[in-house]
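# Close look at the chain arrangement
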Number of protein chains: 2
Amino acid sequence: MDMARAPTTFDSFNAVAEPCRRQVLGLLATGELPVNDLVNSLGWHQPQVSKHLRVLLQVGLVRVRRAGRQRLYSVNAAPLKPIHDWASTFEHLWQHQLDRVKQRAEAKAVLIQERDGVYRMGPVKK
Amino acid sequence: MDMARAPTTFDSFNAVAEPCRRQVLGLLATGELPVNDLVNSLGWHQPQVSKHLRVLLQVGLVRVRRAGRQRLYSVNAAPLKPIHDWASTFEHLWQHQLDRVKQRAEAKAVLIQERDGVYRMGPVKK
DNA sequence: ATATTATATACCCATAATGGAATATGTCAA
DNA sequence: TTGACATATTCCATTATGGGTATATAATAT
């Protein structure tokens with residue numbers, strides 16, 4: 001009665017959660033490639049590569065084209081946009097976070113400067 | 001000897017692959033909330049909410065603060081930036097894709113206009 | 001037709017995640 | 001201390017993953 005965990009083919013979020021699949025997409029980003037090229041570049045077993053490609057294909061992240069006995073895979077990035085858009089929703093939050101970190105660093109720098117007497121304008125009164 | 005699938009606590013990609021967890025983050029995006037508020041808003045069983053929060057906590061996507069007998073959770077968006085950045089890598093690809101779609105639509109529109117004789121400048125020669 | 005190359009599929013195993021229900025822990029109030 | 005409230009943890013059953021190995025399918029060459 002329960003779905004133990006959303007299948008990897010459920011959506012691009014799940015498909016891309018697997019680091020291996022991101023690697024594959026990374027290689028395909030430059031252009032279409034036959035399976036064997038991926039096998040060689042990645043150093044994995046061929047069935048493994050095919051299986052990852054299958055998942056990517058099912059969520060529409062790659063396309064295939066037959067060329068002789070090869071199959072040329074290429075990226076179809078569209079399904080990544082929802083991920084990007086979703087993450088963007090939180091962008092202002094991590095910006096603030098980084099700002100705070102920066103401010104704290106700057107505040108600390110000021111303290112250090114004061115301690116060391118750097119940038120002190122007038123004559124230091126004993 | 002194998003990891004059947006990367007644990008959900010392996011990284012933010014995996015933690016966020018679960019739609020429920022994205023919902024939780026969505027609610028927390030506006031500000032910190034006690035568990036019970038999440039339970040009420042989401043309509044899930046309390047343990048379920050706690051368990052999802054635990055995963056989010058382990059990958060650093062949320063922070064907790066004790067307040068009396070409540071625990072106030074808030075978003076820590078920093079771990080989402082890698083996801084956003086990774087997706088950005090492919091942005092130009094889906095842009096092109098969209099451009100092509102747009103161009104095709106425009107080309108089609110032109111054909112329709114020609115067929116219908118709309119926007120024709122001079123007198124139509126029989 | 002057969003051998004060879006390129007890729008996909010089937011099968012097995014260990015791992016683990018999810019929801020549900022029950023229960024434990026922690027904190028405050030009387 | 002006892003009770004009530006807020007949250008976390010444990011146990012269970014179901015499901016599906018990812019790697020490995022072996023095998024099936026498809027296309028080309030001889």
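Scroll up to find the structure this text is about.
Residues numbered from 1 in each chain as written. Chains lettered and ligands numbered in written order. Predicted model: local features only at pLDDT ≥ 70, side-chain atom pairs only at ≥ 80, totals over all residues. Heavy atoms only, no water.

### Comments concerning the side chain of His52 of chain A
The condition that has to hold: Secondary structure elements are defined from DSSP: runs of H or I of at least 4 residues count as helices, runs of E of at least 2 residues count as strands, and each element is numbered from the N terminus. Burial status follows relative accessibility: with a 1.4 Å probe on protein chains alone, a residue under 20% of its type maximum counts as buried, one over 50% as exposed, and anything between as partly exposed.
Relative to the helices and strands, His52 of chain A resides in helix α4 (residues 46-58). Residue His52 of chain A is classed as buried on the basis of its relative accessible area of 10%.

### What to know about the relation of the copies chain B and chain A
Keep this limit in mind: When the copies are overlaid, the least-squares fit takes in C-alpha atoms only where the residue has pLDDT of at least 70 in both copies. Should any heavy atoms of two residues lie within 4.5 Å, those residues are considered in contact.
With an axial shift of 0.0 Å and an RMSD of 0.0 Å, the rotation relating chain B to chain A amounts to 180°. As the rotation angle and translation indicate, the two copies are arranged about a two-fold axis. Taking C-alpha positions as the reference, the residue of chain B nearest the rotation axis is His84 of chain B, at 2.7 Å. Interface overlap between copies is the fraction of interface residues in one copy that are interface residues in the other; for chain B against chain A it reaches 100%, indicating a shared surface.

### Remarks on the environment of Arg65 of chain B
All names here are of chain B. Considering the arrangement of structural elements, one finds Arg65 in strand β2 (residues 62-67). In this structure Arg65 comes out as partly exposed when scored by relative accessible area, which is 42%. Each C-alpha atom, one on Arg65 and one on Glu32, is 9.1 Å from the other, the two residues being 33 residues apart in sequence. Each residue touching Arg65, except ones within four places of it in the same chain, is listed here: Glu32, Gln70, Arg71 and Leu72.

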